[in-house]
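If you want the building blocks of each chain, they are given just below.
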Amino acid sequence: MISSIVAGVLIVGGLAWMALTLAAPRESGGITLPGFFDPSRWDIFADPELWSFIVFEGVFGTLRAALIASVFAIILGIILSLLRSSAIAWIRIPTAVVLEFVRGMPVLLMMLFILLVLNTGAFWAVVAALTLYNGALIGEALRAGLAALPRGQREAGLSLGMRPLQSKMLVEFPQAFRQMLPIIVAQLVVLLKDTSLGYIVGYTELLRVNMNNLVNFYGNRYLFSFFVVTLVLYLAMNLSLSWFARWLSKRTSSSSSGKRLDPEDPNQAVLVAEASASARQSESHEPRT
Amino acid sequence: MDAVIDNLPTYFEGFRMTLLLLVVSGISALVLGTIVAAMRISPVPSLRAFATVYTELVRNTPLTLVLFFCAIVLPYLGPDLAYAASAMVGLSVYTSPFVAEALRSGINGVPVGQAEAARSVGLGFGQTVSLIVLPQAFRMTIPPLINVFIALTKNTSVAGGFFVFELFGATSRLANANGDAVIAILLGAATLYLVITIPLGVIAAQLERKWVVQR
């Protein structure tokens, strides 16, 4: 009880201290900046033209890159997971090597690579790098989903007279995809966040519109205000998508295997799926009692 | 290839900065993340709520925006840090919720019965956590934590976009200076990143295999 009160006082006090610090006007670079709550800091946001620019250039630029890259990344992930779990060694091993390479490299370096070597322009550099990186991770998640399926599913497909590839595509893959859907959506949150790297390679998205174009136009006086608006817009996009991922994972985990997957962390989710696969294998070897 | 060999000193200067960013922000993210994780599982509701909100907000903010805040907005608000220091602050803050989540998932992996047993023997909250739960959670936590540090290694490249001369910054400068050998320059940088990330990944996978089976 006492610790609860102390913690509450500390948190509320800390927030109040931050608010008071922000509220005071500040001298910076020879000009006096208004306090955070000063109306002159926010009056430009009453201008609908400003919002149409922020929304149609910034938010639209971010969503366009994210949507196109998401579609490509899911397609690439499906292809990669099938190649990676192929029975033929000379398909599986090179895919694994390429995947390791892609996963170990920063996305930003990939963007620079595509921008300078393939000379595609900033938009396609962003889309291609995000597709490659997130496609690799989605592929790994799907592969883990395939590995976590009980062997019987494959055997059932084969016993119905399907070929191995048919059984994989028609019986196993739909189940793996459904099981891994929350993780794929969570990976799309990562993708959406990473579109902001376009700022560094020169693609016009939300961060660049708000923090470069608008600040250059209206002046540094509004730097912090634009930052807050940018933050809120990013949070609105990312939080809604990650809450959707969590809702999906709650739904799938209650209906199917009962394993709780944490959709926020794809690496961990892959590990969970692999662990459940090995657990299931060991269960099946135990005699029934 | 010549372009890479001629510019090895520049590469290593950048690589040193990348390692410095990785170590410093890794350690401070570990400290921050542990505090957040402890708040997250504490019996005090206000601490739990604060930690949850912090985790949700920071995790859904793009790293580029965090580093932009630290490098460009923060000097306007007061503290005037060197770019490398502000990048370290940004990377630590950005990484801390991921550390906290890794720790928390390890702690959640410990059966509730363990904590109940500890409490029934008369141990307090602090004792239960430090003597019973954390030692068991530790082995579940290391592999996901290593994955967080792999992600951090790759994330340090974003600091290169905010005036820090680390591996990515060095690479983009070299690539601009040597227009005829861009591929070699970029592959050289990729190799240096892989030198950090692939061994870490191998260690994580091995620990995972060793420890998951035992449990």
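Procedures and definitions
Residues numbered from 1 in each chain as written. Chains lettered and ligands numbered in written order. Predicted model: local features only at pLDDT ≥ 70, side-chain atom pairs only at ≥ 80, totals over all residues. Heavy atoms only, no water. Phe/Tyr/Trp six-rings, centres within 6.5 Å; stacked < 30°, edge-to-face > 60°. Buried < 20%, exposed > 50% of the residue type's maximum accessible area, 1.4 Å probe, protein only. Lys NZ or Arg CZ within 6 Å of the ring centre and 35° of its normal. pLDDT = per-residue confidence, 0-100. Helix = DSSP H or I, 4+ residues; strand = E, 2+ residues; numbered from the N terminus. Lys, Arg positive; Asp, Glu negative; His and termini not counted. Salt bridge = Lys/Arg side-chain N within 4 Å of Asp/Glu carboxyl O. Polar contact = N/O pair within 3.5 Å; in protein donor to acceptor, adjacent residues only side chain to side chain. Contact = heavy atoms within 4.5 Å. 1 Å grid on protein atoms, 1.4 Å probe; cavity = no way out; pocket = protein on both sides within 12 Å on 5 of 7 lines; lining within 4 Å. Points joined across faces, edges and corners; volume = space filled by probe spheres on them. Nonpolar A, V, L, I, M, F, W, Y, C, P; charged D, E, K, R; others polar. Axes fitted to C-alpha atoms, helices over the stretch in contact; angles between N-to-C directions. Parallel < 35°, antiparallel > 145°, perpendicular 65-115°, else oblique. Patch = residues over 30% accessible without salt bridge, like charges linked within 9 Å, V, L, I, M, F, W, Y side chains within 5 Å. Areas by Shrake-Rupley, 256 points an atom, 1.4 Å probe, with all protein chains shown as cover.

Participant: So what exactly am I meant to see when it comes to the packing of aromatic side chains here?
Facilitator: Two aromatic rings, taken as a pair, are described by how far apart their centres are and by the angle between their planes. In this structure the tally under the stated criterion is 22 aromatic pairs over all chains. Plain terms: the ring middles of W42 of chain A and F45 of chain A are 5.7 Å apart, the flat faces sit at 40° to each other, and that makes the pair tilted. Given the relative accessible area of 27%, W42 of chain A is considered partly exposed. With a relative accessible area of 12%, F45 of chain A lands in the buried category. Taken together, F36, F37, W42, F45, W51, F217, Y218, Y222, F224, F226 and F227 of chain A together with F69 of chain B form an aromatic cluster joined through their ring pairs. We note R64 of chain A situated over the ring of F123 of chain A; from NZ or CZ to the ring centre the distance is 4.5 Å. Against the face of Y199 of chain A rests R208 of chain A, its NZ or CZ located 5.4 Å from the ring centre.

Participant: Can you help me understand the confidence of the model for chain B in this one?
Facilitator: Caution is warranted with low-pLDDT regions, since their predicted coordinates should not be read in detail. Per-residue confidence for chain B gives a mean pLDDT of 88, with 98% of residues at or over 70. This complex was scored by the predictor with a pTM of 0.86 and an ipTM of 0.88.

Participant: Would you mind going over the side chain of E166 of chain B with me for this structure?
Facilitator: All names here are of chain B. With respect to the element layout, E166 can be found in the loop between α7 (125–159) and α8 (167–177). Here E166 sits buried without a salt bridge, and the closest side chain of opposite charge, R173, lies 10.0 Å off (N-O distance). One polar contact links the side chain of E166 to the main-chain amide nitrogen of F168, over a distance of 3.0 Å. Separated by 3.3 Å, the side chains of E166 and Y193 make a polar contact. Among residues more than four places away in sequence, those in contact with E166 are G14, M17, T18, L21, T156, S157, A159, G160 and Y193.

Participant: Can you walk me through empty space enclosed by the protein in this structure?
Facilitator: Take a probe with the size of a water molecule and roll it over the atoms, and the empty space left behind shows itself. Tallying each qualifying case throughout the model produces 2 cavities of 30 Å³ or more. Here the largest cavity defines a volume of roughly 50 Å³. If you trace the largest cavity, you find it lined by L33, R41, N220, R221, L223 and F224 of chain A together with Y76 and L77 of chain B. Of all the secondary-structure elements, those providing two or more residues to the lining of the largest cavity are α11 (223–255) of chain A together with α4 (63–77) of chain B. A class-by-class count of the residues in the lining of the largest cavity yields 5 nonpolar, 1 polar and 2 charged.

Participant: It is not clear to me how the packing of helix α2 (residues 8–41) of chain B against α8 of chain B should be interpreted in this structure. Could you clarify?
Facilitator: The relative placement of two packed helices is expressed as an angle between their axes plus a distance between the axes. Residues and elements named next belong to chain B. Packing of α2 against α8 brings their axes to within 7 Å, and their N-to-C directions diverge by 155°. With respect to α8, the axis of α2 lies roughly antiparallel. When α2 is examined against α8, the residues T10, Y11, G14, F15 and T18 are found in contact with a partner set consisting of L167, A170, T171 and L174.

Participant: What is the right way to look at the pattern of salt bridges in this model?
Facilitator: Pairs can form between side chains of opposite charge once their charged atoms are near each other. The tally for this structure, following the rule as stated, stands at 11 salt bridges over all chains. E140 of chain A is the salt-bridge partner of R103 of chain A, the closest N and O atoms lying 3.6 Å from each other. Note that R103 of chain A is positioned in helix α4 (residues 89–103) and E140 of chain A in helix α6 (residues 122–148), a separation of 37 residues in sequence. With relative accessibility at 23%, the residue R103 of chain A sits in the partly exposed group. A relative accessible area of 8% means that E140 of chain A is categorised as buried. Ionic contacts of the salt-bridge type, sharing partners, join the residues R246 of chain A together with R40, E56, R59, E101 and R104 of chain B into one network.

Participant: Honestly, a nonpolar patch on the surface in this entry has me stumped. Any pointers?
Facilitator: Residue and element names in this part refer to chain A. A contiguous nonpolar surface patch, about 540 Å² in accessible area, is contributed by V71, F72, I75, I79, L83 and W124. Of all the elements, helix α3 (residues 48–84) adds the most residues to the nonpolar patch, at 5 residues. Turning to its location among the elements, F72 is positioned in helix α3.

Participant: Would you mind going over the layout of surface pockets with me for this structure?
Facilitator: Roughly 1,400 Å³ of volume is contained in the second largest pocket. When contributions to the lining of the second largest pocket are tallied by element, the ones reaching two or more residues are α1 (2–23) and α11 of chain A together with α2, α3 (45–59), α4 and α5 (83–108) of chain B. Of all the elements, α1 of chain A adds the most residues to the lining of the second largest pocket, at 8 residues. When the residues that make up the lining of the second largest pocket are grouped by side-chain class, the tally is 35 nonpolar, 3 polar and 2 charged.

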